[in-house]
Amino acid sequence: MESAGLVVGSLLMARLAERLREGQWIALSFIGMGLAAIVFSQVIAMPLAIAILMISGVLSAPSVVARQLLIQQHTPRDMRGRVNSAFIVTRDTVFMIGMAATGLADLYSPRPLYLGAALAILLCGCLTLVLPGLRQPIAEWRQGFRMRLTLPQSSQENV
């Protein structure tokens, strides 16, 4: 279901990507995924858990799209392959560490372990708000949201 959510989120990003800057999309995405994972770590009903996973997939799309856009815009053409490869190796290494850490579920309850991972994702989103190159001044956030809320419906369709 998370993959289906990622597809839905990617389709939404095709229409909404220009409304915020890349750093803002990454921050919103990670904070949203972190909050969804916190809720998921406490859910006991299977249908609700499935719905939260799909929402998490939708929320992960902005970070994927924004990351690729940042790499394309800020990496020289002859270095893009190397930068993408370095990113993928790092991502896969962290993923493998996470898979190895699933053995901790034999010693501890999975709920607090998942909650810890959710808090780490939330922390990454909050860190994105202050990292140079990704952060946006609070005035720019307010201005962007104000502009999006005050656009007439016909103008929003063209954006």
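Our subject is the structure listed above.
Below you will find a few notes about this structure.

Right, let's talk about a nonpolar patch on the surface for a bit. A surface patch of nonpolar side chains, about 400 Å² in accessible area, is lined by Leu 104, Leu 107, Tyr 108 and Leu 113. Under the relative-accessibility criterion, Leu 104 is labelled partly exposed at 36%.

For the rest of this paragraph, the subject is the packing of aromatic side chains. The description of two aromatic rings rests on the distance between their centres and on the angle between their planes. Applying the stated criterion across every chain yields a total of one aromatic pair. Between Phe 40 and Tyr 114 the ring centres are 5.0 Å apart and the planes differ by 55°, which places this aromatic pair in the tilted class. With Phe 40 in helix H2 (residues 22-42) and Tyr 114 in helix H5 (residues 110-128), this pair connects stretches of sequence that are 74 residues apart. In this structure Phe 40 comes out as partly exposed when scored by relative accessible area, which is 22%.

A few words on the side chain of Ser 60. Along the chain, Ser 60 turns up in helix H3 (residues 46-74). The class of Ser 60 is buried, set by a relative accessible area of 14%.

All right, on to H5 then. In this model, H5 (19 residues) spans 27 Å end to end at C-alpha, consistent with the 27 Å of a helix rising 1.5 Å per residue. Regarding H5, the residues found buried are Ala 118, Leu 122, Gly 125 and Thr 128. One face of H5 carries all of its buried residues, which in axial projection span an arc of 110°. Among the structural elements, H2 are those in contact with the buried residues of H5.

Criteria and thresholds
- Throughout, a residue's number is its position along its own chain's written sequence, starting from 1.
- Residue-level local features of this predicted model are given only where pLDDT is at least 70; pairs of side-chain atoms are given and counted only at 80 or more, and the full residue set underlies all totals for whole chains, interfaces and linings.
- For the side-chain quantities, the full set of heavy atoms in the structure was used; hydrogens and water were omitted.
- Note on patches: the residues involved have over 30% relative accessible area and no salt bridge, like charges join within 9 Å, and the nonpolar side chains Val, Leu, Ile, Met, Phe, Trp and Tyr join within 5 Å.
- The Shrake-Rupley method, run with a 1.4 Å probe, gives the accessible areas here. Residue values count only the displayed protein chains as cover.
- Only one rule defines a salt bridge in this text: a Lys or Arg side-chain nitrogen within 4 Å of an Asp or Glu carboxyl oxygen.
- Under the scheme applied here, a residue whose accessible area is under 20% of the maximum for its type counts as buried, over 50% as exposed, and between as partly exposed, the area being computed with a 1.4 Å probe on protein chains only.
- Stacked, tilted and edge-to-face pairs are distinguished by plane angle, under 30 degrees for stacked and over 60 for edge-to-face with tilted covering the rest, among Phe, Tyr and Trp rings (Trp via its six-membered ring) whose centres lie within 6.5 Å.
- Counting from the N terminus, the helices are DSSP H or I runs at least four residues long and the strands are E runs at least two residues long.
- A helix is expected to reach a length of 1.5 Å times the quantity of its residues less one.
- The directions from the helix axis to the C-beta atoms form the arc being described.
- Any two residues whose heavy atoms approach within 4.5 Å are treated as being in contact.

Shape is all these values report; function is a separate question.
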